[in-house]
There are 2 protein chains.
Amino acid sequence: MGTPTARPATLDDVARAAGVSRATASRVLGGYGFASADARARVGAAADRLGYVPDVTARALVRGAGVRLVVAVIGRAGTVLDDPYVHRVVSAASRVCAPHGVGVALEWLPLGDPSGLVRLGADRGVCGVILVNTTPTALAAVPARLRGRVVSIGTGSATVPSFDVDNAAGAEAVLRHLHATGRRRIAMVTGPRWLVCAERSVTAYRGLMRAAGLPERVVTGDFTTARGGRAALEALRRWPELDAVYAASDATAFGVIAALRGRGLRVPHDVAVAGFDDLPYAAVSSPPLTTATHPVDRIAAAAATAVLTRAPVAPTTAFASTLVTRESA
Amino acid sequence: MGTPTARPATLDDVARAAGVSRATASRVLGGYGFASADARARVGAAADRLGYVPDVTARALVRGAGVRLVVAVIGRAGTVLDDPYVHRVVSAASRVCAPHGVGVALEWLPLGDPSGLVRLGADRGVCGVILVNTTPTALAAVPARLRGRVVSIGTGSATVPSFDVDNAAGAEAVLRHLHATGRRRIAMVTGPRWLVCAERSVTAYRGLMRAAGLPERVVTGDFTTARGGRAALEALRRWPELDAVYAASDATAFGVIAALRGRGLRVPHDVAVAGFDDLPYAAVSSPPLTTATHPVDRIAAAAATAVLTRAPVAPTTAFASTLVTRESA
DNA sequence: CTGAAAGCGCTAACAG
DNA sequence: CTGTTAGCGCTTTCAG
C-alpha cells in the first residue's frame, strides 16, 4: 500500500529508494535483461513499499503499443451492440485486458461500410481489434497496419485468425435430438443471412433434413427475440403442421416460444423448440430451454489473449458445442 | 484517409505539412488558445489529408489524464459482472468514452473488501471510476486521489456524486397499479438487502402496504432469475393465498413467473407479477412483463460524462422511472 | 551487470 | 497570434 503520497510513485522514486538507476529498476520490474540478485531484491522491496504501479500510458507510449482493445461488431444497425452475446464478449475481453492495464471499447461497424477499420488502424491508442460477426467485406477492409493485431470471432481470413464455436456440430447435435425424440416437421429460424458463420448451421440443417428425407423449412431471423417471434408466426402460417422449431439463437427461441404460446400452442407438447447459445437465462426460462452451448467467454478470452500477446496463433481455433437438453424439446 | 504511410501521421507531420510549428498545430487541433483563420485552415487541411488521429496515449501522458474508465461493481461474487444491468452500464459508458479515446474496464469489488479502490487510485492509467451497487463501506474507501473522478450509480456521498433512478417512485407506480387492478395480497421479492439504493423500493413497498392496511410480505432476492424463482416458492409456502408479486428487478420477475407456472399458477390470472427495469426482453417475454423503466443507459452516460469532463455536478441526479403496463399484471 | 542519454507524441508555459 | 522550450514516465540502445 505504501505511504499515501499525494502522487503515485514513479519508477524514478523506486529507483532512488532502491539506490539504483532507473534503467536497472525498469529491467527488474519489466522482467527483461539481467540484474544482480541484490538489485532485484532491493528494487522489488522498494516497489511494493511505495505501492508502485507502472504507468501503462507511458509504457504504451514508448512501446507504441496502444492502450485499448476495440471490440468491433458488424451489423445492420447500431443496436447490435445491445446483444447479450456482445456483452459476454466484452466482459471476457475486459477480464483478460485488465491485468495489462488495457481498456475495452465497443464499436459498431455498419454492415457494408467497414471504413471504420481504417480509422482504427490510424489510431495509435488502439492496441488491437476483435471483430465480431465478421463478413468477407470487413475482412478485406482490414488495413495492413492492423495486421497481427486483429482477430475474428466468426470467420477469418489469411491475415485474420478466427476463433469460433463449431456451429455445424452444435446444430447437428440439437437436430439429432429433435429427430430422436420423434419430431419430423422441423423448421429452422436462422440468424442474419449475411453472416457467414451463421450459415454453417443452416447448411447443417439442410444437410440433415435431406439425409433424413424430411422437408426443409427455413425462415430468416436475425438473432433477436422480436424477430424470432415474427419468424415463428410466419413459419406457422406456411407450415401449420409444424412439430418443432430449431432457432439459431436462444434469444430467437424465446421469441418463438412466446409467439407459439400466443397462438395457443403448448411447448414442447405441440411444438418442441430448441435454441443455440445456452444463455444463463435458458436454464430458468419457462419452459427451460433445450439448446447447445456456445462458450463465448472462452472464445473471447482466447481472442483477446491472442491480440494482447501477439503470439502466433493457428488460423482457426474451433470451440466445441455440446447439447443441453431441458424441457422445451 | 490519406496516403497509407507505414506509420500513422504525428502532430509533427501535420505541422510540417501545414508550415506551422507543432504548438500551433496542437492549439488548432485541440481547440484551445488562439490561431489565425489562415493557420486554422492550413492545419485542418493537412490533418485530414494525412488522416491524422491524435495519439490519446501521448496526450494522456502529458496531461496525467489516464486512459481507461473503470466500472467497478460491488457484489458478493464475481458473477455480478454477468448481470445484464452491468452490461448496459458498460455499453453506455463505452459509447461516451470512445470519442475521447478512453477504454472501459470492468472490475469486481468484493462486498466488504473495497481495497481494490486503493489500487485504482494508484494506477495512473485510470482516468476515473464508476461505482455500481455502492455500499457505505465502498464509499468510505474511496481514496483521496480519486476525488472528483469517481461517481456512483446508486447512493453517493459528500465526495462521490450519485446518479440513480428514482427507485421509490418507480416502486410506487407499480404497486399502485397492482392495487388499482384489485390485488390485495401482494408480496415483494427484494434485491440484495445490503444494497442501500435497493432498500428504497422496500421502504416504498412497506409504506404503501401499511397505508392501504394490507399485510407486508417480504422475501429476499438478489436480482437474479434463479433466486427469484426460489423466492417465489418461499412466498407461496408462507402465503399460499398470494395474488400478486412485485419483484425488484425484471430478471427476478422472470424467475418468479417460471416458478409460479411450475406450480400450476397462471400469470396474471391467478397471480399478477410485476418487475422493475424494463429490460428489452420484458416486452417480448411470455407473458409480456409489466414493469417500471430504469433508464440505465442515460444514467450511465451521464455518469461517464461527469467523470470524463470533470465538470462539477450536483451531489445527486435522479432519473425518473415510469410504469409500463403489459400483460403480466 | 549497470548507468547515462535519447527519445515515444503531445501539451503548456513563456517569450517573442 | 506564433514559435521555443521543457517535460509527462517509461524503455532501450550504448558505453562503461
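Reading the values: rules and limits
Residues numbered from 1 in each chain as written. Chains lettered and ligands numbered in written order. Predicted model: local features only at pLDDT ≥ 70, side-chain atom pairs only at ≥ 80, totals over all residues. Heavy atoms only, no water. Helix = DSSP H or I, 4+ residues; strand = E, 2+ residues; numbered from the N terminus. Rg over C-alpha atoms; globule rule 2.2 N^0.38 Å. Buried < 20%, exposed > 50% of the residue type's maximum accessible area, 1.4 Å probe, protein only. Areas by Shrake-Rupley, 256 points an atom, 1.4 Å probe, with all protein chains shown as cover. Lys, Arg positive; Asp, Glu negative; His and termini not counted. Charge placed at Lys NZ, Arg CZ, Asp CG, Glu CD. Domains from an automatic or database assignment. Contact = heavy atoms within 4.5 Å. Buried area = accessible area lost by both parts, 1.4 Å probe. Polar contact = N/O pair within 3.5 Å; in protein donor to acceptor, adjacent residues only side chain to side chain. Salt bridge = Lys/Arg side-chain N within 4 Å of Asp/Glu carboxyl O. Least-squares fit on C-alpha atoms with pLDDT ≥ 70 in both. Pairing = 2+ DSSP bridges. Axes fitted to C-alpha atoms, helices over the stretch in contact; angles between N-to-C directions. Near = heavy atom within 4 Å. Nonpolar A, V, L, I, M, F, W, Y, C, P; charged D, E, K, R; others polar.

### Observations concerning the overall build of chain A
Assigned secondary structure in chain A consists of twelve helices and twelve strands. Here the C-alpha radius of gyration of chain A, 25 Å, is well above what a compact globule of 329 residues would show, namely 20 Å. Oriented by its inertia axes, the alpha-carbon framework of chain A measures out at about 80 × 40 × 35 Å. In chain A, buried positions account for 54% of the 329 residues. Put simply, chain A shows about 13,200 Å² of open surface, and 56% of that area lies on carbon and sulfur atoms. Put simply, chain A has 37 plus and 25 minus side-chain charges, and the middle of one group is 4 Å from the middle of the other.

### Topic: the domain arrangement of chain A
Residue and element names in this part refer to chain A. Split into domains, chain A comes out as domain 1 (11-50), domain 2 (59-160) and domain 3 (167-292). Put simply, the middle of domain 2 and the middle of domain 3, counted by C-alpha atoms, are 30 Å apart. On the side of domain 3, eight residues touch domain 2, which itself brings twelve residues to the contact. At the boundary of domain 2 with domain 3, total buried surface from both sides reaches about 820 Å², with 70% on carbon and sulfur atoms. Ranking the residues of domain 2 by area buried against domain 3 places Arg-88, Asn-133 and Thr-155 at the top, with a combined share of 44%. Between domain 2 and domain 3 we count zero residue pairs in polar contact (both at pLDDT 80 or more) in total.

### Examining the pattern of salt bridges
All names here are of chain B. Inspection of the entire model under this criterion finds 35 salt bridges over all chains. Salt-bridge contacts for Arg-22 lead to Asp-12; the nearest nitrogen and oxygen are separated by 3.9 Å. Placement of the pair is Arg-22 in helix α2 (residues 22-30) and Asp-12 in helix α1 (residues 11-18), with a sequence separation of ten residues. Measuring nitrogen to oxygen at the nearest pair gives 2.6 Å for the salt bridge that ties Arg-217 to Glu-241.

### What to know about the relation of the copies chain A and chain B
At an RMSD of 0.2 Å, chain A and chain B line up after a rotation of 180° and a shift of 0.1 Å along the axis. As the rotation angle and translation indicate, the two copies are arranged about a two-fold axis. Counting the interface residues of chain A, we find that 100% of their copies in chain B are interface residues as well, pointing to one common contact surface.

### Here's the deal with the environment of Gly-101 of chain A
Mapped onto the elements of the fold, Gly-101 of chain A is located in the loop between α5 (84-97) and β2 (103-110). Through-space distance from the C-alpha of Gly-101 of chain A to that of Leu-195 of chain A is 33 Å; in sequence the pair is 94 residues apart. Setting aside chain neighbours within four positions, we find Gly-101 of chain A in contact with Val-56 and Val-67 of chain A together with Arg-68 of chain B.

### What to know about the sheet that holds strand β9 (residues 272-274) of chain B
All names here are of chain B. Judged by pairing direction, the sheet is parallel, and its four strands sit side by side in the order β7-β6-β8-β9 without closing on themselves. In this open sheet, the two strands that pair with only one neighbour each are β7 (218-219) and β9. Relative to strand β8 (residues 244-247), strand β6 (residues 186-189) runs parallel, the two being bridged by four bridges. Paired with Met-188 across the two strands is Tyr-246, which belongs to β8. Sheet strands touched by helix α8 (residues 167-180): β6, β8 and β9. Its angle to β8, the strand with the most contacts, is close to 170°. Those strands touched by helix α11 (residues 250-262) are β6, β8 and β9, and its axis lies near 160° from that of β9.

### Observations regarding the protein's contact with DNA strand C
Near DNA strand C, the surroundings consist of 27 residues, among which Ser-36 and Arg-124 of chain A together with Leu-11, Arg-22 and Arg-59 of chain B are the closest. Between DNA strand C and the protein, one listed contact pairs a phosphate oxygen with a side-chain N or O atom of Ser-36 of chain A at 2.5 Å. Elements supplying a minimum of two residues to the surface near DNA strand C: α2 (22-30) and α4 (56-63) of chain A together with α2 and α4 (56-63) of chain B. Across the surface near DNA strand C, the residue classes break down as 14 nonpolar, five polar and eight charged.

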